[in-house]
Amino acid sequence: MTVDDTTSGAGASDDSERSSGTSSSGTSSSGAGASGAGSSGTGSSGGGHPTPHHAVDHTAEPTDDPLAIRLEQLILGAERRYTPFQAARTAGVSMDLASRFWRAMGFADIGQAKALTEADVLALRRLAGLVEAGLLSEPMAIQVARSTGQTTARLAEWQIDSFLEGLTEPPEPGMTRTEVTYPLIELLLPELQEFLVYVWRRQLAAATGRVVQAADDEEMVDRRLAVGFADLVGFTRLTRRLEEEELGELVEVFETTAADLVAAHGGRLIKTLGDEVLYAADDAGTASEIALRLIDTMRQDESMPSLRVGIAFGTVTTRMGDVFGTTVNLASRLTSIAPKDTVLVDGAFALELIRTGDAPKSETQAAEEAAAAEKEGEPAPPYRYALQPMWQRPVRGLGIVEPWLLSRRS
């Protein structure tokens, strides 16, 4: 939620507190991003959850819909008590900083409507306290607010969409979905809150473990990773041919399958873009296994279009869970030129597979090593993957690139 910046400063009058800079005094009834906002014990209210203003109806009064208000109070665990100015003043935070925090968390403008709760005050106080204690710089605190808000916004929207479709089917004739919603949220909220905190702690532990195992301080920030894009072939044509529901189901299957495979084999799903997924792995062997399994799995499903994958290896800059840099751009370009049902990798990735013993320099070398091992009565080197150099070609923005075709050795 953003606030009316014209009210900035501790000396704003009571009239300023009551005035609204826009006609928006309403608040979203969903409050979907507020899981756990009413309970400070979870430690979640300092992030993107505590305020209810994700999708504000700028024409509605705060008390237009009694059920909407009841749902909001149930989710937030508190009643509306403060205007944005009052919340900032109670938290001991300047209106300017409060406004930036709320914008970062993704909350819409409510002017000076009395729509905030004790949880909103506590969230402001916590973020400001981290800055005052020197644990976070102000720009970092803004980033924390923004990353939490963006992540939980998407999660909340997905949960509400899923619950409304799958769980609020009226159990008796004459009942509406709205009548089913309140008791459903009442039952689910505490369980989902605990589950959210559990998953976050697990993910935080995993991410921390990867960082502290980095080779040196420099690698902790700009790390060498394998980055892969997997792209559905001909997706644009499909959007013209399929009904919206069919297209949604296809994307859901693709994203679910990709997410499961990436996680199961030790990679990390960075983001999904409908017809494309971006993933990362700490080593080339893991990235290769994920790519080839994605191709094999999609090929077995006749309802799915073909897939193509491009992978690059190199230094990657990470920010707010996303990855940036030339390595990422190269992986994207390799995907765009890959034939269907194939995996193309860059030269650095190929060298990394060779260095780790996952692939031979050439099939000639592999054959010679196998013959020598057989002569000595020893097993042949356990290469998992094969690399075939392709024609060099210019790639927009990256110069001349020599792709390698990656495949699994029989």
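Thresholds, definitions, all that
Residues numbered from 1 in each chain as written. Predicted model: local features only at pLDDT ≥ 70, side-chain atom pairs only at ≥ 80, totals over all residues. Heavy atoms only, no water. Helix = DSSP H or I, 4+ residues; strand = E, 2+ residues; numbered from the N terminus. Buried < 20%, exposed > 50% of the residue type's maximum accessible area, 1.4 Å probe, protein only. Contact = heavy atoms within 4.5 Å. Areas by Shrake-Rupley, 256 points an atom, 1.4 Å probe, with all protein chains shown as cover. Axes fitted to C-alpha atoms, helices over the stretch in contact; angles between N-to-C directions. Parallel < 35°, antiparallel > 145°, perpendicular 65-115°, else oblique. Nonpolar A, V, L, I, M, F, W, Y, C, P; charged D, E, K, R; others polar. Expected span 1.5 Å × (residues − 1). Polar contact = N/O pair within 3.5 Å; in protein donor to acceptor, adjacent residues only side chain to side chain. Lys, Arg positive; Asp, Glu negative; His and termini not counted. Salt bridge = Lys/Arg side-chain N within 4 Å of Asp/Glu carboxyl O.

K.L.:
What am I meant to see in the overall build of the protein here?
P.N.:
Secondary structure assignment for the protein yields 14 helices and 10 strands. Sorting the 410 residues of the protein into buried and exposed places 43% on the buried side. Nonlocal contacts in the protein, meaning residues at least 24 apart in sequence, comprise 71% of its contacts between residues at least 6 apart. When the accessible surface of the protein is totalled, it reaches about 21300 Å², and 52% of it is carbon and sulfur.

K.L.:
Can you walk me through the packing of helix H11 (residues 284-300) against helix H13 (residues 347-355) in this structure?
P.N.:
In contact at an axis separation of 9 Å, H11 and H13 are set at 110° when each is read in the N-to-C sense. Comparing the axis directions of H11 and H13 gives the class roughly perpendicular. The segment H11 lies against H13, with Ala 284, Gly 285, Ala 287 and Ser 288 engaging Phe 349, Glu 352 and Leu 353. Split into classes, the residues belonging to the contact of H11 with H13 amount to four nonpolar, two polar and one charged.

K.L.:
What is the right way to look at the environment of Gly 106 in this model?
P.N.:
As for its placement among the helices and strands, Gly 106 is situated in the loop between helix H4 (95-105) and helix H5 (118-132). Given the relative accessible area of 41%, Gly 106 is considered partly exposed. As for Gly 106 and Thr 152, which are separated by 46 residues in sequence, their C-alpha atoms are 10.0 Å apart.

K.L.:
Would you explain H11 in this entry?
P.N.:
Count 3.6 residues to each turn of an α-helix, and residues three or four apart come out pointing the same way. Taking 1.5 Å per residue, 17 residues should reach 24 Å; H11 reaches 25 Å between its end C-alpha atoms and fits that length. A large share of H11 lies buried, amounting to 12 of its 17 residues. Of all the residues in H11, the buried ones are Ala 284, Gly 285, Thr 286, Ala 287, Ser 288, Glu 289, Ile 290, Ala 291, Leu 292, Leu 294, Ile 295 and Met 298. The N-cap of H11, judged by a side-chain oxygen 3.2 Å from the amide nitrogen of Gly 285 a few residues on, is Asp 283.

K.L.:
Is there a simple way to think about helix H14 (residues 363-375) in this case?
P.N.:
With 13 residues, H14 extends 18 Å from end C-alpha to end C-alpha; this agrees with the ideal 18 Å at 1.5 Å per step. Two residues or fewer past H14, Gly 377 is found with a positive phi of approximately 75°.

K.L.:
It is not clear to me how the side chain of Glu 255 should be interpreted in this structure. Could you clarify?
P.N.:
By secondary structure assignment, the location of Glu 255 is in helix H10 (residues 244-264). Although Glu 255 is buried, it makes no salt bridge; Arg 154 carries the closest opposite charge, 4.7 Å away. A distance of 3.2 Å separates polar atoms of two side chains, one belonging to Glu 255 and the other to Thr 272. For Glu 255, the contacting residues outside a window of four places in its chain are Thr 272 and Gly 274.

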